[in-house]
Amino acid sequence: MNENERQMSEAESLSIISGMINRTKNRLSETGTLYLLWGWVILVCCIAQFVSLQYFNYQKGYQVWFLTWLAVIYQFIYLAKRKKRKKVKTYTDEIIGFVWLTFMICGFIMVFILIKQKAYENINPLILVLYGMPTFLSGIILKFRPLIIGGICCWLLALASPFVPFEYHLLLLACAVIAAWIIPGYLLRAKFKKEN
Amino acid sequence: MEFKELDPILHAPLRLAVISLLLSVKEAEFTFIKEKTNSTAGNLSVQISKLKEAEYIEVTKQFRDNYPLTICKITPRGVDAFENYVKALQSYMHPGEL
């Protein structure tokens, strides 16, 4: 009898089903690259703007944020390449992608409104609130505790922001990216290397 | 005691493996399925065609960098068939409970 049409026992059927499901379950496809990219870019921008304002009284230090456009370009190239390499699309990848897209849209709209209202002092605390959301959710979806802790750190820093002078808000943001993106980014990279 | 009939399309090792694999992902390339099921390309394409004929999976062919690419995705009909298959399997394993 042909191997494909032979009769299987019930136990054999169940073992095939569970075996196949286990092969794709918890398959970590996140390398942490984008967490590290954004973590380092935002950290450099925060520190550079803070130092230029505090120590050199240079008011146009915000221009360093144009670096983020380079990061956006790199991200597009990286994602296009990753899409080419990927042989499988999981529901987890898709949901996480949408979580970050939602974050970017909300962040863009929020910053636009706050700039229009000239409410500059509120930008960083509210960005911190927003940062927590995709980080926390990604941690839950990937079952990766460092991201969950990173998300909670963002919210704690946001809560602390009304008690911290405005000129130090950039440092709160710097702490947030270290906790939410840089540390989990390196841990994700290590986990990915170990599993793959 | 009544036993439900096991769907012959799914009651074959490689086809069952393909459906189980596609159930847990959104879509997968032919090469991914081949690798995970440890099957040969020829055998796998025959089984995939059978699943496609039964409308249990959707197969799309694309080109990437001039190389053909086959992407497979389970259909709602495939999900139903899989659920019925598991129920039928349960009736064999625990006949008293159904």
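This text gives an overview of the structure that appears in the document. (Residues numbered from 1 in each chain as written. Chains lettered and ligands numbered in written order. Predicted model: local features only at pLDDT ≥ 70, side-chain atom pairs only at ≥ 80, totals over all residues. Heavy atoms only, no water.)

## Quick notes on the packing of aromatic side chains
Residues and elements named next belong to chain A. Per the stated rule, a full pass over the model turns up 8 aromatic pairs over all chains. Each ring, one from Phe50 and one from Tyr168, has its centre 5.7 Å from the other, and the planes form 45°; the classification is tilted. Taken together, the residues span a long stretch of sequence, with Phe50 in helix 2 (residues 33-56) and Tyr168 in the loop between helix 6 (145-160) and helix 7 (169-195) at a distance of 118 residues. Under the relative-accessibility criterion, Tyr168 is labelled partly exposed at 36%. For the ring pair Tyr74 and Tyr78, a centre distance of 6.3 Å and an interplane angle of 15° mean the geometry is stacked. Within this pair, Tyr74 and its partner Tyr78 are both found in helix 3 (residues 67-85), separated by 4 residues, close to a single helical turn. When its relative accessible area of 42% is taken as the criterion, Tyr74 is described as partly exposed. Judged by relative accessible area, Tyr78 falls into the buried class, the value being 11%. Aromatic rings pair up to connect Tyr35, Trp100, Phe103, Tyr131 and Trp181 into one cluster. (Phe/Tyr/Trp six-rings, centres within 6.5 Å; stacked < 30°, edge-to-face > 60°. Helix = DSSP H or I, 4+ residues; strand = E, 2+ residues; numbered from the N terminus. Buried < 20%, exposed > 50% of the residue type's maximum accessible area, 1.4 Å probe, protein only.)

## Considerations on the interface of chain B and chain A
Every contact between the two is made by 34 residues of chain B and, on the other side, 27 residues of chain A. Overall, the association of chain B and chain A removes approximately 2,700 Å² of surface from exposure, summing both partners, and the carbon and sulfur fraction of that is 61%. Of all residues in chain B, the largest losses of buried area upon contact with chain A belong to His11(B), Pro13(B) and Lys26(B), amounting jointly to 23% of the total for that side. The partner of Glu94(A) in a salt bridge is Lys26(B), with the nearest N and O atoms 3.1 Å apart. Here chain B is connected to chain A by 5 residue pairs in polar contact (both at pLDDT 80 or more). Secondary structure elements with two or more residues in the side of chain B that touches chain A: helix 1 (13-23), strand 1 (27-29), helix 2 (30-37), helix 3 (41-53) and helix 4 (76-93) of chain B. Tallying contributions element by element places helix 1 of chain B first for the side of chain B that touches chain A, with 8 residues. For the side of chain B that touches chain A, the class distribution of residues is 17 nonpolar, 8 polar and 9 charged. With 2 bridges connecting them, strand 1 (residues 88-89) of chain A and strand 1 of chain B associate as antiparallel partners. Across the sheet, residue Lys89(A) finds its bridge partner in strand 1 of chain B, namely Glu27(B). (Contact = heavy atoms within 4.5 Å. Buried area = accessible area lost by both parts, 1.4 Å probe. Salt bridge = Lys/Arg side-chain N within 4 Å of Asp/Glu carboxyl O. Polar contact = N/O pair within 3.5 Å; in protein donor to acceptor, adjacent residues only side chain to side chain. Nonpolar A, V, L, I, M, F, W, Y, C, P; charged D, E, K, R; others polar. Pairing = 2+ DSSP bridges.)

## Side note on the pattern of salt bridges
Here the structure, examined in full by the defined rule, presents 3 salt bridges over all chains. With a shortest N-O distance of 3.7 Å, Glu35(B) and Lys87(A) are connected by a salt bridge. Pair noted here: Glu35(B) is in helix 2 and Lys87(A) is in the loop between helix 3 and strand 1, and the two residues belong to different chains. Exposure remark for Glu35(B): the relative accessible area of 45% places this residue in the partly exposed category. Residues Glu55(B) and Arg77(B) are paired through a salt bridge, measuring 3.2 Å at the closest nitrogen-oxygen approach. Taken together, the residues span a long stretch of sequence, with Glu55(B) in the loop between helix 3 and strand 2 (57-64) and Arg77(B) in helix 4 at a distance of 22 residues. Owing to a relative accessible area of 48%, Arg77(B) belongs among the partly exposed residues under this scheme.

## A closer look at the packing of helix 2 of chain A against helix 7 of chain A
Residues and elements named next belong to chain A. The contact between helix 2 and helix 7 brings their axes to 8 Å, and the two run at 155°. Relative to helix 7, the element helix 2 lies roughly antiparallel. Handedness of the helix 2/helix 7 crossing: left-handed. (Axes fitted to C-alpha atoms, helices over the stretch in contact; angles between N-to-C directions. Parallel < 35°, antiparallel > 145°, perpendicular 65-115°, else oblique. Left-handed = near helix turned anticlockwise from the far one by under 90°.)

## Notes on the nonpolar core
Membership of the largest hydrophobic core comes to 39 residues, with the highest contact counts inside it found for Ile42(A), Leu128(A), Tyr131(A) and Trp181(A). Apart from the residues lying within four places of it in its own chain, the contact partners of Tyr131(A) are Ile42(A), Phe103(A), Cys154(A), Leu173(A), Val177(A) and Trp181(A). Membership of the second largest hydrophobic core comes to 33 residues, among which are Leu10(B), Ala17(B), Leu44(B) and Phe82(B). (Core = buried A, V, L, I, M, F, W, Y, C linked by side-chain atoms within 4.5 Å.)

## Overview of the sheet that holds strand 3 (residues 67-74) of chain B
Whether parallel or antiparallel, the strands of a sheet pair through hydrogen bonds between backbone atoms. Read across the open sheet, the 4 strands follow the order 1(A)-1(B)-3(B)-2(B); overall the sheet is antiparallel. Single-partner strands in this sheet number two, and they are strand 1 of chain A together with strand 2 of chain B. Sheet topology note: the strand 2 of chain B/strand 3 of chain B ladder contains 8 bridges and is antiparallel. Looking at strand 3 of chain B, one finds that Glu58(B) is bridged to Lys73(B).

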